[in-house]
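# Observations on chain architecture
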Amino acid sequence: QVQLVESGGGLVQAGTSLRLSCAASGLSFYNYVMGWSRLPPWKQRDFVAAVRWNSGSPFYKDSIKGRFTVSRDQGKNTVYLQVNSLKAEDTAVYYCAAKADNGRNYYLDYEYNYWGQGTQVTVSS
């Protein structure tokens, strides 16, 4: 059984940082992509970052403007999302996801076939 488990969310102050983690099990990581999507209140799910498992090459939406860093630890089967200078607009449920790497469509939610349960991030000003 494939399982993705997010952790690291919580109630945080604006301007601070946090690191989200996603531990994966039951998944072959060769030629896979893992990434992060978020669901803000009253808005559509938005894929924000992804990393190719083998090379570690990251991909980001232009709108995050350098505040997000995605990485993976192959030994721990874990992908991370570092978020700096948190803003109120970052409040969302953050989900990790995985798919086979076809070299494209890293930001499209419907391309991903494995999903975690999500972790809530609430940014207070």
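Residues numbered from 1 in each chain as written. Predicted model: local features only at pLDDT ≥ 70, side-chain atom pairs only at ≥ 80, totals over all residues. Heavy atoms only, no water.

### Structural notes on the environment of Y60
Operational definition: Numbering of helices and strands runs from the N terminus, with a helix taken as a DSSP run of H or I at least four residues long and a strand as a DSSP run of E at least two residues long. Throughout, a contact is declared for two residues whenever any of their heavy atoms are within 4.5 Å. Pairing of N or O atoms within 3.5 Å defines a polar contact, subject to two protein rules: one partner must be a possible hydrogen donor and the other a possible acceptor, and residues neighboring in sequence count only if both atoms are side-chain atoms.
Note that Y60 resides in strand β6 (residues 58-60). Along the primary structure Y60 and G116 are separated by 56 residues, whereas in three dimensions their C-alpha atoms are 20 Å apart. Each residue touching Y60, except ones within four places of it in the same chain, is listed here: V48, A49, F68, T69, V70 and Y107. Polar contacts involving the side chain of Y60 include one to the main-chain amide nitrogen of V70, which spans 2.9 Å.

### Observations regarding the pairing of strand β9 (residues 92-100)
Operational definition: Only protein chains enter the accessibility calculation, which uses a 1.4 Å probe; a residue is then buried when its area is under 20% of its type maximum, exposed when over 50%, and partly exposed in between. Here, strands pair whenever DSSP counts at least two bridges between them.
Of all nine residues in β9, eight are buried; the element is thus mostly enclosed. Inspection of the sheet shows strand β4 (residues 32-39) paired to β9 by eight bridges, in the antiparallel sense. Its bridge partner being in β9, V33 is matched across the sheet by K99.

### Remarks on the nonpolar core
For clarity, the cut-off: The set of buried Ala, Val, Leu, Ile, Met, Phe, Trp, Tyr and Cys residues whose side-chain atoms join them within 4.5 Å is what this entry labels a nonpolar core.
Core analysis: the biggest nonpolar cluster contains 27 residues, and M34, W36, L81 and Y94 have the highest contact counts within it. If you list the elements that add at least two residues to this core, you get β3 (18-25), β4, β5 (46-52), β7 (68-73), β8 (78-83), β9 and β11 (119-124).

### Points about the state of the cysteines
Here is the rule: We call a pair of cysteine sulfur atoms a disulfide whenever their separation is within 2.5 Å.
Tallied over the full model, the rule gives one disulfide. A disulfide bridge connects C22 with C96, and the sulfur atoms are separated by 2.0 Å. Between C22 and C96 the sulfur-sulfur dihedral comes to about 45 degrees; the bridge is accordingly right-handed. Within this pair, whereas C22 is found in strand β3, its partner C96 is found in strand β9, the two being separated by 74 residues in sequence.

### Digging into the packing of aromatic side chains
This is how the line gets drawn: Only rings of Phe, Tyr and Trp enter the pairing, Trp through its six-membered ring, and a pair is recorded when the two centres are within 6.5 Å. The plane angle decides the type: under 30 degrees is stacked, over 60 is edge-to-face, the rest tilted. Counted as over-ring charges are cases with an Arg CZ or a Lys NZ within 6 Å of the ring centre that also lie within 35 degrees of the ring normal.
A complete count under the given rule lists five aromatic pairs for this structure. Aromatic pair F59 and Y106: ring centres 4.4 Å apart, planes at 45 degrees, arrangement tilted. Taken together, the residues F59 in strand β6 and Y106 in the loop between β9 and β10 (114-115) connect sequence positions 47 residues apart. Judged by its relative accessible area of 6%, Y106 falls in the buried class. With a centroid separation of 6.5 Å and an interplanar angle of 75 degrees, the aromatic rings of Y95 and W115 are classed as edge-to-face. On the criterion of sequence distance, the pair formed by Y95 in strand β9 and W115 in strand β10 is long-range, its members being 20 residues apart. Through a chain of ring-to-ring contacts, the aromatic side chains of F47, Y95, Y112 and W115 assemble into a single cluster. Sitting over the ring of Y80, R19 keeps its end group 4.2 Å from the ring centre. Against the face of Y112 rests K99, its NZ or CZ located 5.8 Å from the ring centre.

### What to know about the pattern of salt bridges
Quick note on the threshold: The term salt bridge refers to a pairing of a side-chain nitrogen on Lys or Arg with a carboxyl oxygen on Asp or Glu at a separation within 4 Å.
In this structure the tally under the stated criterion is five salt bridges. R38 serves as the salt-bridge partner of D90, at 3.0 Å between the closest nitrogen and oxygen. With D90 in the loop between β8 and β9 and R38 in strand β4, this pair connects stretches of sequence that are 52 residues apart. Using a relative accessible area of 0% as the deciding quantity, one classes D90 as buried.

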